[in-house]
Amino acid sequence: MAGHSKWANIKHRKAAQDAKKGNIFQKHIRAIMVAAREGGSDPSMNIQLKSAIERAKSDSVPADNIDRAIKRGTGEIEGAQFEEVYYEAYGPAGVAIMVQATTDNRNRTTAELRALLARNGGSLGEAGCVAWIFDRKGVVTVSGGVDEDELLLEVLEAGGEDMNREGNQFYVYCDPSTLMDVSNQLRDTGYPVLEAEVQLIPKTTVPVEDEKEAEKLFKLLEVLEDQDDVQNVSSNFDIPDRILEKIG
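From a predicted model like this one, the values you see are computed outputs, not experimental measurements.

**Considering the packing of aromatic side chains**
What the rule picks out here adds up to one aromatic pair. Taking 5.7 Å as the distance between ring centres and 65° as the angle between the ring planes, the aromatic pair formed by phenylalanine 218 and phenylalanine 237 counts as edge-to-face. A residue pair is termed long-range when its members are at least 10 positions apart, and phenylalanine 218 in helix α9 (residues 211-226) and phenylalanine 237 in strand β10 (residues 237-238) qualify at 19 residues. By relative accessible area, phenylalanine 218 is classed as buried at 8%. Since its relative accessible area comes to 0%, phenylalanine 237 is described here as buried.

Quick look at the structure:
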């Protein structure tokens, strides 16, 4: 879980900066549309939609935009239809990368991601080349400032499988089918749940102990995250804390 929680923590720290970028609203809208199309328009029954709405609200996406995105996703309002696509790639130091994108033009997105990877020390792989390294897991992010032992007991009682702390946040892992139940139980017992979503978690990690390689990897991951169609990037790196501190 180390690679996941470290990258997730880094993304949380840069979230405020990312929110200033012009494409952040459009990313949220696409995520809401895809979630509504795949799981229905009721957030109480669709955890992916609920999570997408919460993330959109945290970046100040207006409620009217969210409502229209839901209706476009379910077909109540006509408009461009987006599909969810996963890309498998390799990055610096041989790390595995999974890119989750939403697009209305798969050929365009594929070409743009292939070029971004090639320019930044990575390469696009064939289907199945790295997907086996990752498990789909429900991930509930809980803000720090709570008793770790008590939280772990509550997590296990709620049906969670594992928990990891990184910085001032806890990451609770569970089967995707129980994500809503675990999230709701933690909220109901008063824990500050920041978000709950299904993510790709690496089963094994690749150590990256060279500072220059780590810098190249982070640059690639950030470039991929900033691409208009990309919703999420997962990787199986494990970078020592001493290098993380140096490269920020």
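From this point, the narrative continues.
**Quick word on the pairing of strand β9 (residues 230-235)**
Across the six residues of β9, five count as buried, placing the element largely inside the fold. Where strand β2 (residues 96-103) lies against β9, five bridges are found, and the strand directions are antiparallel. When the sheet's bridge partners are listed, methionine 98 is paired in β9 with serine 234.

**Observations concerning the pattern of salt bridges**
Within this structure, the stated rule accounts for 12 salt bridges. Residue arginine 108 pairs with aspartate 229 through a salt bridge whose shortest N-O separation is 2.8 Å. Placement of the pair is arginine 108 in helix α6 (residues 106-119) and aspartate 229 in the loop between α9 and β9, with a sequence separation of 121 residues. With a relative accessible area of 2%, aspartate 229 lands in the buried category. In this structure, lysine 137 and glutamate 161 form a salt bridge, with 2.6 Å as the shortest nitrogen-oxygen distance. Within this pair, whereas lysine 137 is found in strand β4 (residues 134-143), its partner glutamate 161 is found in the loop between α7 (148-158) and β5 (162-166), the two being separated by 24 residues in sequence. On the basis of relative accessibility, which here comes to 43%, the residue glutamate 161 falls in the partly exposed class. Among the charged side chains, a network of salt bridges with common partners joins Arg30, Asp104, Arg108, Glu112 and Asp229.

**Details of the sheet that holds β9**
To summarise the sheet geometry, strands pair through backbone hydrogen bonds and adopt either a parallel or an antiparallel arrangement. Ordered by their spatial adjacency, four strands build an open sheet running β3-β1-β2-β9, and the pairing between neighbours is antiparallel. If you trace the sheet from one side to the other, it starts and ends with β3 (123-124) and β9, each paired once. Of the strand pairs in this sheet, strand β1 (residues 83-90) and β2 are connected by eight bridges, and their pairing is antiparallel. From the neighbouring strand, glutamate 84 faces β2, where its bridge partner is threonine 102. Sheet strands touched by α6: β1, β2, β3 and β9. Its angle to β1, the strand with the most contacts, is close to 25°. Sheet strands touched by α9: β2 and β9. Its angle to β9, the strand with the most contacts, is close to 155°.

**A look at the sheet that holds β5**
Taken in spatial order, the four strands of this open sheet run β5-β6-β4-β7, and their pairing is antiparallel. Two strands close off the open sheet at either side, each with one partner strand: β5 and β7 (193-202). Neighbour-to-neighbour, the strand axes of the sheet open up by a mean angle of 30°, direction not taken into account. Relative to strand β6 (residues 169-174), β4 runs antiparallel, the two being bridged by six bridges. Among the inter-strand pairings, valine 139 is bridged to a residue of β6, identified as tyrosine 173.

The rules behind these values
Residues numbered from 1 in each chain as written. Predicted model: local features only at pLDDT ≥ 70, side-chain atom pairs only at ≥ 80, totals over all residues. Heavy atoms only, no water. Phe/Tyr/Trp six-rings, centres within 6.5 Å; stacked < 30°, edge-to-face > 60°. Helix = DSSP H or I, 4+ residues; strand = E, 2+ residues; numbered from the N terminus. Buried < 20%, exposed > 50% of the residue type's maximum accessible area, 1.4 Å probe, protein only. Pairing = 2+ DSSP bridges. Salt bridge = Lys/Arg side-chain N within 4 Å of Asp/Glu carboxyl O. Contact = heavy atoms within 4.5 Å. Axes fitted to C-alpha atoms, helices over the stretch in contact; angles between N-to-C directions.

Treat this as a map of the structure, not an account of what it does.
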